[in-house]
Amino acid sequence: MTVYFIGAGPGDPELLTLKAQRLIAACPVCLFAGSLVPEQVVAGAPEGAIVMDTAPMNLDETHAQIKAAHERGQDVARVHSGDPSLYGAIAEQIRRLRADGIDYEIIPGVPAYAAAAAALGQELTIPEVAQSIVLTRVSMKSTSMPAGETLENFARTGATLAIHLGVRNLREIERQLAPSYGAECPVVVAYRVGWPDQMLIRGTLSDIREKVRAHKITRTALILVGPALGEVSDFKDSALYDPAMPHVLRPKAR
């Protein structure tokens, strides 16, 4: 049997990949993170399948279900939100699978920052404004951050930041980022992106906390910070389609 770590995307069932849909429909065991993955995502599980919400379960309990499926020779769809490689907590699961000799495969999904950019209708990498995206988070009650991976350090780059697990810590985020980005730097808080109640709250480092508080948002939100999120219109066209810039597929300048 094989355990398939499946990226469900940010919430919209139509953002599942074809491969993800096929595997969910084929696996007789489906374990999904119900606090972040809508039930509609796993509604395509086969008739008679074991479908379990792992939100109230711990690592030992989820692994026990996988081992039981392994003994029965049944494939498992282990469905995570977004893309499993980003804060998916799959590393510790993989460690146990390897120790028990259980095969696994990772099926990528649409990450929240990509879905948020699509919902905003904009590009995050604008020429000569921002060409890098930093995917990070804040500690709060979760695992501590490695030394050096601080918001202050990332802010010095001027890159677009995609901050996970930080919506309840906006005051500290402002304190750490404002010296580098400025108090009026654009911020977007994307709440439950891809869900029916999706909300995109625009503001600046100086006022976003009050706007988020007014909507009583305390979880399931991604914070985007950086100048590329503003109303930028005077940027230079990229060289990709510049007729004066030849490349291997367009060898002659026009």
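Note that the structure is a prediction, hence the values are computed from the model and not measured.

So, the packing of helix 2 (residues 59-72) against helix 3 (residues 91-99)
In contact at an axis separation of 11 Å, helix 2 and helix 3 are set at 45° when each is read in the N-to-C sense. In terms of orientation, helix 2 and helix 3 fall into the oblique class. With respect to the hand of their crossing, helix 2 and helix 3 are arranged in right-handed fashion. Residue-level contacts link L59, D60, H63 and I66 of helix 2 to E92, Q93, R96 and L97 of helix 3. When the residues that make up the contact of helix 2 with helix 3 are grouped by side-chain class, the tally is 3 nonpolar, 2 polar and 3 charged.

Observations concerning the sheet that holds strand 3 (residues 50-53)
A sheet is described by the order of its strands in space; here 5 strands give the open sequence 3-2-4-1-5, paired in parallel fashion. Here the strands that pair on one side only, and so sit at the sheet edges, are strand 3 and strand 5 (103-107). Strand after strand, the sheet turns through a mean of 15° between neighbouring axes, direction not considered.

A short note on the domain arrangement of the protein
The assigned domain composition of the protein is domain 1 (3-107) and domain 2 (112-229). Computed over C-alpha atoms only, the centres of domain 1 and domain 2 are separated by 28 Å. Taken together, the contact between domain 1 and domain 2 spans 9 residues of the former and 11 residues of the latter. When domain 1 packs against domain 2, the two sides together hide about 840 Å² of surface, and 69% of this comes from carbon and sulfur. Contact with domain 2 buries surface across domain 1, with P10, L86 and Y87 losing the most and accounting together for 59% of the total.

Concerning empty space enclosed by the protein
Under the counting rule described, the total for this entry stands at 1 cavity of 30 Å³ or more. Approximately 30 Å³ is the volume attributed to the largest cavity. Lining of the largest cavity is provided by L170, I173, E174, V187, L205, I208, I223 and V225. Secondary structure elements with two or more residues in the lining of the largest cavity: helix 6 (170-181) and strand 10 (221-225). Of the residues that constitute the lining of the largest cavity, the class distribution is 7 nonpolar, no polar and 1 charged.

What to know about a nonpolar patch on the surface
Taken together, the side chains of Y87, I133 and L135 define a hydrophobic patch exposed on the protein surface, amounting to about 230 Å² of accessible area. One can find I133 in strand 6 (residues 133-137).

Quick notes on the pattern of salt bridges
Applying the stated criterion across every chain, the model contains 7 salt bridges. The salt bridge involving R96 is made with D60; its shortest N-O contact spans 2.6 Å. Linking R96 in helix 3 with D60 in helix 2, this pair joins segments that are 36 residues apart in sequence. One salt bridge in this structure joins R192 and D197, with 2.8 Å as the shortest N-O distance. With relative accessibility at 34%, the residue D197 sits in the partly exposed group.

A few points about the side chain of T2
Locating T2 in the fold gives a position in strand 1 (residues 2-7). Under the relative-accessibility criterion, T2 is labelled buried at 17%. Not counting residues up to four positions away in its chain, the partners in contact with T2 are D75, V76, D103, Y104 and E105.

Describing helix 1 (residues 18-26)
Of all the positions in helix 1, only A20, L23 and I24 are classed as buried. Take helix 1 and look down its axis: the buried residues cluster within an arc of 100°, on one side only. Opposite its buried face, helix 1 presents the exposed residues L18, R22 and A26, each directed more than 90 degrees away. Buried positions along helix 1 lie against strand 1, strand 4 (76-80) and strand 5.

Quick notes on the sheet that holds strand 10
Spatial strand order, 6-7-10-8-9: 5 strands in an open sheet with mixed pairing. One side of each edge strand has no neighbouring strand; the edge strands of this open sheet are strand 6 and strand 9 (199-204). The average undirected angle you get between the axes of adjacent strands in this sheet is 20°. Where strand 8 (residues 186-191) lies against strand 9, 6 bridges are found, and the strand directions are antiparallel. Residue pairing in the sheet places V188 in a bridge with R202 of strand 9. Where helix 4 (residues 112-120) meets the sheet, its contacts fall on strand 6, strand 7 (160-164), strand 8, strand 9 and strand 10, and the angle it forms with strand 10 comes to roughly 70°.

Thresholds applied
- Here, residues in each chain are numbered from 1, in the same order as that chain's written sequence.
- Only residues with pLDDT of at least 70 get local features here, since the model is predicted, and only at 80 or more are side-chain atom pairs given and counted; chain-wide, interface and lining totals rely on the full set of residues.
- Think of the side-chain values as coming from all heavy atoms in the structure, minus any hydrogens and water.
- Angular values range over 0 to 180 degrees, each being the angle between N-to-C directions of two axes fitted as lines to C-alpha atoms, with helices fitted over their stretch in contact.
- Secondary structure elements follow DSSP: runs of H or I no shorter than four residues count as helices, runs of E no shorter than two count as strands, and numbering proceeds from the N terminus.
- In this scheme, roughly parallel covers angles under 35 degrees and roughly antiparallel covers those over 145, while 65 to 115 is roughly perpendicular and the rest are oblique.
- By definition, turning the near helix anticlockwise from the far helix through less than a right angle yields a left-handed crossing, and turning it clockwise yields a right-handed one.
- Every residue pair with non-hydrogen atoms within 4.5 Å of one another is taken to be in contact.
- Put simply, Ala, Val, Leu, Ile, Met, Phe, Trp, Tyr, Cys and Pro go in the nonpolar bin, Asp, Glu, Lys and Arg in the charged bin, and everything else, Gly too, in the polar bin.
- Two strands pair under a simple rule: DSSP has to find at least two bridges between them.
- Bear in mind that the domain bounds are from an automatic or database domain assignment.
- A quick way to say it: buried area is the sum, across both parts, of accessible area lost when two parts are put together, with a 1.4 Å probe.
- Points on a 1 Å grid, built from protein atoms alone, make a cavity when a 1.4 Å probe fits but cannot get out and make a pocket when they are open with protein on both sides within 12 Å along at least 5 of 7 lines; residues with an atom within 4 Å of a point are the lining residues.
- Grid points are joined across faces, edges and corners, and a volume is the space filled by probe spheres set on the points.
- Within this analysis, patches are made of residues with over 30% relative accessible area and no salt bridge. Like charges are joined at 9 Å or less; nonpolar side chains (Val, Leu, Ile, Met, Phe, Trp, Tyr) at 5 Å or less.
- In these tables, accessible area is a Shrake-Rupley quantity obtained with a 1.4 Å probe, and a residue counts as shielded only by the protein chains included in the view.
- In what follows, salt bridge is the name for a side-chain nitrogen of Lys or Arg lying within 4 Å of a carboxyl oxygen of Asp or Glu.
- Relative accessibility thresholds used throughout: buried, under 20% of the residue-type maximum; exposed, over 50%; partly exposed, between the two (1.4 Å probe, protein chains only).
- Of all possible arcs, the one meant is that of the directions from the helix axis to the C-beta atoms.

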